[in-house]
Amino acid sequence: MAQVLLLCGSVRKGSSNEAMLRLVQEVARDAQNVDSAVFYEGLGELPHFNPDLDADPLPKAVTELRSAIAEADAVLVCTPEYAGTLPGSFKNLLDWTVGGTEICDKPTGWINAANPGRGEGAVATLRLVLEYTGAAIVEDACVRIARGPGYTRKH
Ligand SMILES: Cc1cc2nc3c(=O)[nH]c(=O)nc-3n(C[C@H](O)[C@H](O)[C@H](O)COP(=O)(O)O)c2cc1C
């Protein structure tokens, strides 16, 4: 039985990416091979990455992030695209994983839900950075979902 850590790239109240991961949590309750799906709540608490801070004693939020990754058997990411790439806050989270070994070889996938023809930059950057961190990308666990025509960008 596996524990899956759910990492959301949005801190927005009412985030569609969080909604997607909350749905995954619901589905996981009935899944036979998943023990639990844990939603990581600390994205907004992480300090800006600074190599000077990546030393003992680590900031509490960073210790909590690395512990959450260490305790998980797998990681699932759901993040929006901002300005053609990952949100800065989520890239910041990934930067904090580089100095630890917790994410190395960790089976990792993502769900990308974007309007048709959009979201490519977020996925490409996510793959690039995850490869750099040493995460084990599970291709079968990386899916893109086209949002329906009812979704309208707000800007
Ligand atoms: C500042 C900003 C930049 C955005 N840039 C892009 C973009 O480059 N490509 C895209 O597909 N969507 C872009 N969006 C739309 C968001 O990805 C979309 O609203 C997404 O649903 C936000 O995720 P959330 O609902 O989980 O907060 C942008 C939104 C904002 C606020």
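Our structure is the block above this text.
Residues numbered from 1 in each chain as written. Predicted model: local features only at pLDDT ≥ 70, side-chain atom pairs only at ≥ 80, totals over all residues. Heavy atoms only, no water.

Now for the sheet that holds strand S1 (residues 2-8). In spatial order, the strands read S2-S1-S3-S4-S5; together these five strands make up an open sheet with parallel pairing. The open sheet terminates on both sides in strands that have one partner only, identified here as strand S2 (34-39) and strand S5 (136-146). Pairwise comparison of adjacent strand axes, ignoring direction, gives a mean angle of 20 degrees for this sheet. Two strands pair when backbone bridges link them, and strand S4 (residues 107-114) and S5 are joined in this way by seven bridges, in the parallel orientation. The partner of Trp-110 across the bridge, within S5, is Cys-142. Each of S1, S2, strand S3 (74-78), S4 and S5 is contacted by helix H1 (residues 16-30), which is oriented at about 160 degrees to S2, the strand it contacts most. (Pairing = 2+ DSSP bridges. Helix = DSSP H or I, 4+ residues; strand = E, 2+ residues; numbered from the N terminus. Axes fitted to C-alpha atoms, helices over the stretch in contact; angles between N-to-C directions. Contact = heavy atoms within 4.5 Å.)

The element S3 is extensively covered by neighbouring structure, given that five of its five residues are classed as buried. Here S3 shows no split at all, with Ala-74, Leu-76 and Cys-78 on one side and Val-75 and Val-77 on the other all buried. Sheet analysis places S1 next to S3, joined by five bridges and oriented parallel. Bridging across to S3, Val-4 finds its partner in Ala-74. In this structure, S3 lies alongside S4, joined through three bridges in parallel fashion. When the bridges of S4 are listed, Val-75 appears paired with Thr-108. (Buried < 20%, exposed > 50% of the residue type's maximum accessible area, 1.4 Å probe, protein only.)

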